[in-house]
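Each chain, letter by letter, is given below.
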Amino acid sequence: MPCVVRSRRRWFQLGKQAWRRPKQPPLNGQQWGWKVLPGPRTNPREQDLQWESCTWRLRMELGWEEEKKEDGVKWKQLEHRGPYFVPPYEPLPKDVQFYYDGKPLKLSLATEEIATFYAKMLDHEYTTKEIFQNNFFHDWRKEMTSEEQEIIKDLDKCDFGEIHKYFVDKNEARKALPKEEKQKLKEEADKIQEEYGYCILDGHREKIGNFKTEPPGLFRGRGEHPKMGMLKKRIMPEDVIINCSKDSKIPEPPEGHKWKEVRFDNTVTWLASWTENIQNTFKYIMLNPSSKLKGEKDWQKYEVARRLKDVVQTIRAQYRKDWKSKEIKKRQRAVALYFIDKLALRAGNEKEEGETADTVGCCSLRVEHIQLHPQLDGQEHVVEFDFLGKDSIRYYNKVSVEKPVFKNLQLFMKNKDPSDDLFEHLNTTFLNKHLQDLMDGLTAKVFRTYNASITLQEQLKALTNPEDNVAGKLLSYNRANRAVAILCNHQRSIPKTFARSMQVLQEKIDAKKKQVEEAQEEVKKAEDEFKDTKDAKAEVYVEKKKKLLKRLEEQLAKMNIQATDKEENKQIALGTSKLNYLDPRITVAWCKKFGIPIERIYNKTQREKFAWAIDMTGEDFEF
């Protein structure tokens, strides 16, 4: 029988047991946490989400914390099993061979494993890029034996075809497994999840996000990353720092190994970390987005952005005033802040340690990254931006700016070489200190979150037609989301399967059009027959044919909307802004107001991440 919590006092009497998960969350209208959950019964796949809703409701009713902690302290108890390591490499079968210069060549185990990384990607665009090939071959040769280095000197003479075919066939065989075998594999994965995928945090069993170490392979990167193709090495226990509480059971490393270090740092929320070898950056095992700490952090992030709404006009008035300042440093800061506000540019100077790509942000722009046009395409005072942003994604934009901004840019560029800094008196430290003075907690990223969220809310109000069906409203939502993605420069390359999928969809649309035409003819025939006979059966037949026609027309309209949506989104990545910059309460309120099922916007993982917003938000929420 599910636990029913009828009062705050009763909840405290129950203690930690009230947080412990029962075999099933309450179903079909049973009470939980002062509210009644509506039926019908959920399927097993959705029960985790309903449990999240129950626990979030309790958390919000009682406050985020059962017990106040000291400043900076995130938890008092943390216990877990450590990371799950990728299984050791399994050698290729003897009949699967690598060829060099047309002749079979037996490779050492380490060399063979790296060869499989490249072979698996033969049908990918990456392996056609010269920089990918050069980086791979350079790193591969470093791992070869001296004998192999003497033989293998030219990538063009390497034949990975048999290895590639082996993995393609293996993948197809896995897909073709009978249902029983697939169920066995699922049960094995569930067992690993149960053992490694949860931790105890302050007495609560919390889900861990990425409990597995990253497998070895070839680095891809985003955009035209200069390190693509380099070897991502296997993570070993000796690379891993464990973080847990002193009074917990320290996780055991795999047999024959030891941890790099064990820490007891309750001011951070990661459970384990290591340094990856490509960028020399830290990687972390963190709590799942649905966890209490993650949810609280998300909520606080969007609340800070909402506070900006109250002061943003004052800030804008101040930077406009500073455009005319006698101090060049203030002028540069004011122009940079205008770009961060208007164009959602990142602040810059954020390059990670070991990063070699020539990526920049607003504060680190150089003269060569912008061109000024007094007039262009019928607009005045146009600034043309062209530079590599985060993850080597190109930022290209032509934007008409206010006249004082244009005049200041002319001043900043005067007597400078193309490689000189545009804002030589500015860095992110100076900018962020100024932002903190304007509002507590304000950073360039808060501007990005604010502008993304407010843009979504305004676009939804402008684009949503209450008379549209669900498909039409979803198209409006995606268009609003796309406006945000364009603002934030969230791009992607056109998927390899795009042309084929559009062709298949168009064939379905053509077939459906034919069905509609046939149904229209049948309706006309039925109406003519009814006019002649005035028979009751004929009248029923007319109505039947009209209903069929209406259903087919609705299906055709839905397909056309789907095609429009796919075409408009082919080079835009909607997911990044949806998960990281858009206050989920805006989306939840829109769904509730217009009767859109939340699962049409957020998948299961996303609904877990935003369980707090789904549960607390009404249709009248305003960002």
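Each chain has its residues counted from 1, running along the sequence as written. Totals for whole chains, interfaces and linings use every residue, but because this is a predicted model, local features are given only for residues with pLDDT of at least 70 and side-chain atom pairs only at 80 or more, for both listing and counting. No hydrogens and no water enter the side-chain calculation; it runs on all heavy atoms of the structure.

Novice: Any details on the sheet that holds strand β16 (residues 379–388)? Residues and values, ideally.
Specialist: Between any two strands, pairing holds if DSSP finds at least two bridges. Labels follow the DSSP assignment, with helices taken as runs of H or I lasting at least four residues and strands as runs of E lasting at least two, numbered in each case from the N terminus. The strand order β15-β16-β17 describes an open sheet built from three strands, whose pairing is antiparallel. Looking along the sheet, the strands with just one partner apiece sit at the ends: β15 (370–376) and β17 (394–400). In this sheet, neighbouring strand axes are inclined to one another by 15° on average, regardless of whether the strands run parallel or antiparallel. Bridge count between β16 and β17: seven bridges; the pairing is antiparallel. By the bridge assignment, Asp 386 is partnered in β17 with Tyr 396. In this description, a line fitted to the C-alpha atoms serves as the axis of each element, helices being fitted only across the stretch in contact, and the angle between N-to-C directions of two axes falls anywhere from 0 to 180 degrees.

Novice: If you had to explain the state of the cysteines to someone new, which residues and values would you point to?
Specialist: By definition, a disulfide links the sulfur atoms of two cysteine residues through a covalent bond. Here, the term disulfide refers to a pair of cysteine sulfur atoms separated by no more than 2.5 Å. In total, this model carries zero disulfides according to the counting rule given. Cys 363 takes part in no disulfide bond, and the closest cysteine sulfur to it belongs to Cys 362, at a distance of 5.5 Å.

Novice: Residue-level account of the layout of surface pockets, with values.
Specialist: Each pocket or cavity is described by its volume, and for the second largest pocket that value is around 1,000 Å³. The distinction between a cavity and a pocket rests on a 1 Å grid over the protein atoms alone: a 1.4 Å probe fits inside a cavity but cannot get out, while a pocket stays open yet meets protein on both sides within 12 Å along at least five of seven lines, and a residue with an atom within 4 Å of a point counts as lining. What lines the second largest pocket is a set of 27 residues, among which Val 86, Pro 87, Glu 90, Lys 170 and Arg 174 lie closest to the centre. Listing elements by their share of the lining of the second largest pocket, those giving two or more residues are α3 (109–120), α6 (161–175) and α7 (179–196). Here the lining of the second largest pocket takes five residues from α6, the largest share from any one element. Within the lining of the second largest pocket, the residues separate by chemical class into 16 nonpolar, three polar and eight charged. Grid points are joined across faces, edges and corners, and a volume is the space filled by probe spheres set on the points. Gly falls in the polar group here, along with every residue not listed as nonpolar (Ala, Val, Leu, Ile, Met, Phe, Trp, Tyr, Cys, Pro) or charged (Asp, Glu, Lys, Arg).

Novice: Tell me what's going on with the sheet that holds strand β12 (residues 261–263), and back it up with residues and numbers.
Specialist: Strand order in the open sheet formed by four strands is β12-β11-β13-β14, and the pairing between neighbours is mixed. Strand pairing shows two members of the sheet lacking a second neighbour, β12 and β14 (282–285), which therefore form its edges. With direction set aside, neighbouring strand axes in the sheet form an average angle of 20°. For strand β13 (residues 272–275) and β14, the ladder comprises four bridges, and the chain directions are antiparallel. For Thr 275, the partnering residue across the bridge sits in β14 and is Phe 282.

Novice: Account for helix α11 (residues 428–438), with residues named and values stated.
Specialist: All buried positions along α11 are accounted for by Thr 428, Leu 431, His 434 and Leu 435. In a view along the axis of α11, the buried residues occupy a sector of 130°, so they form one face of it. Seen from the open side of α11, the exposed residues pointing more than 90 degrees away from its buried face are Thr 429, Lys 433 and Asp 437. Whether two residues touch is decided by their heavy atoms; if any such pair falls within 4.5 Å, the residues are in contact. Residues of α11 that are buried sit in contact with α9 (328–343) and α12 (444–463). Exposure classes here rest on a 1.4 Å probe applied to the protein chains alone. A residue is buried below 20% of its type maximum, exposed above 50%, and partly exposed in between. Here the arc refers to the directions that run from the helix axis out to each C-beta atom.

Novice: Talk me through the packing of aromatic side chains; I want residue IDs and the actual numbers.
Specialist: Side-chain rings of Phe, Tyr and Trp (the six-membered ring for Trp) are treated as a pair once their centres are within 6.5 Å; stacked means planes under 30 degrees apart, edge-to-face means over 60, and tilted covers the remaining angles. Per the stated rule, a full pass over the model turns up 27 aromatic pairs. Judged by centre distance (5.9 Å) and plane angle (70°), the rings of Phe 412 and Phe 423 are edge-to-face. On the criterion of sequence distance, the pair formed by Phe 412 in helix α10 (residues 403–413) and Phe 423 in the loop between α10 and α11 is long-range, its members being 11 residues apart. For the residue pair Phe 412 and Phe 423, the accessibility class agrees, reading buried in each case. Note on criteria: charge over ring means Lys NZ or Arg CZ within 6 Å of the ring centre, with the direction from the centre no more than 35 degrees off the ring normal. We note Lys 120 situated over the ring of Phe 167; from NZ or CZ to the ring centre the distance is 4.6 Å. A cation over a ring is seen here: Arg 448 above Tyr 581, with NZ or CZ 5.0 Å from the ring centre.

Novice: Would you mind going over unusual backbone geometry in detail, with residue names and values included?
Specialist: Positive phi values are uncommon outside glycine, yet Asp 101 reaches one of about 55°. Within the secondary structure layout, Asp 101 lies in the loop between β4 (98–100) and β5 (103–105). For Asn 415, which is not glycine, the phi dihedral falls at a positive 60°. Inspection of the secondary structure puts Asn 415 in the loop between α10 and α11.

Novice: Give me the nonpolar core: which residues, what numbers.
Specialist: In this text, buried Ala, Val, Leu, Ile, Met, Phe, Trp, Tyr and Cys residues form a nonpolar core when linked through side-chain atoms within 4.5 Å. Counting residues in hydrophobic clusters, the biggest one holds 72 residues, and the most contacted among them are Leu 308, Phe 339, Phe 385, Leu 409, Phe 423 and Phe 447. Ignoring any residue separated from it by four or fewer positions in sequence, one finds Leu 308 in contact with Ile 315, Met 439, Leu 442, Val 446, Phe 447 and Tyr 450. One finds Val 96, Tyr 100, Ile 114 and Leu 218 within the second-largest nonpolar core, a separate group that totals 27 residues.

Novice: How would you sum up the confidence of the model for the chain? Please name residues and give values.
Specialist: A residue's pLDDT is simply how confident the predictor is in it, with values from 0 to 100. Here the chain averages 83 in pLDDT, and 85% of its residues register 70 or above. This model gives residues 1–49 a pLDDT under 50, and the stretch forms 85 contacts once residues within four places in sequence are excluded. pLDDT under 50 marks residues 61–66. Its contacts with residues more than four places away, or in other chains, come to 18 contacts.

Novice: Residues and numbers for the UniProt feature "active site" (unreviewed entry) in the chain, please.
Specialist: UniProt positions are given in the numbering used here, feature names are shortened, and annotations may be inferred rather than shown by experiment. As annotated in UniProt, the feature "active site" (unreviewed entry) corresponds to Tyr 581 in the numbering used here. Here a polar contact is taken to be a pair of N or O atoms separated by no more than 3.5 Å, where protein atoms must pair a possible hydrogen donor with a possible acceptor and residues adjacent in sequence count only if both atoms sit in side chains. Among the polar contacts made by the side chain of Tyr 581, one reaches the side chain of Arg 448 at a distance of 3.2 Å.

Novice: Would you mind going over the pairing of β16 in detail, with residue names and values included?
Specialist: Pairing geometry for β15 and β16, over six bridges, is antiparallel. Paired with Gln 375 across the two strands is Glu 380, which belongs to β16. In this antiparallel pair of consecutive strands, β15 and β16, the connection spans two residues, and Asp 377 shows a positive phi of 50°. Connecting the antiparallel pair β16 and β17 is a turn made up of five residues, with Asp 391 showing a positive phi of about 60°.

Novice: I'd like a rundown of a positive patch on the surface, residues and numbers included.
Specialist: Patch membership requires more than 30% relative accessible area and the absence of a salt bridge. Residues of like charge join within 9 Å; the nonpolar side chains Val, Leu, Ile, Met, Phe, Trp and Tyr join within 5 Å. Accessibility throughout is a Shrake-Rupley quantity obtained with a 1.4 Å probe, and a residue counts as covered only by protein chains that appear here. Only one rule defines a salt bridge in this text: a Lys or Arg side-chain nitrogen within 4 Å of an Asp or Glu carboxyl oxygen. When charges are counted, Lys and Arg are positive and Asp and Glu negative, with His and the chain ends excluded. To locate a charge, take NZ of a lysine, CZ of an arginine, CG of an aspartate or CD of a glutamate. Taken together, the side chains of Lys 74, Lys 297, Lys 390 and Lys 445 present a region of like positive charge at the surface. Looking at the element boundaries, Lys 445 is found in helix α12.

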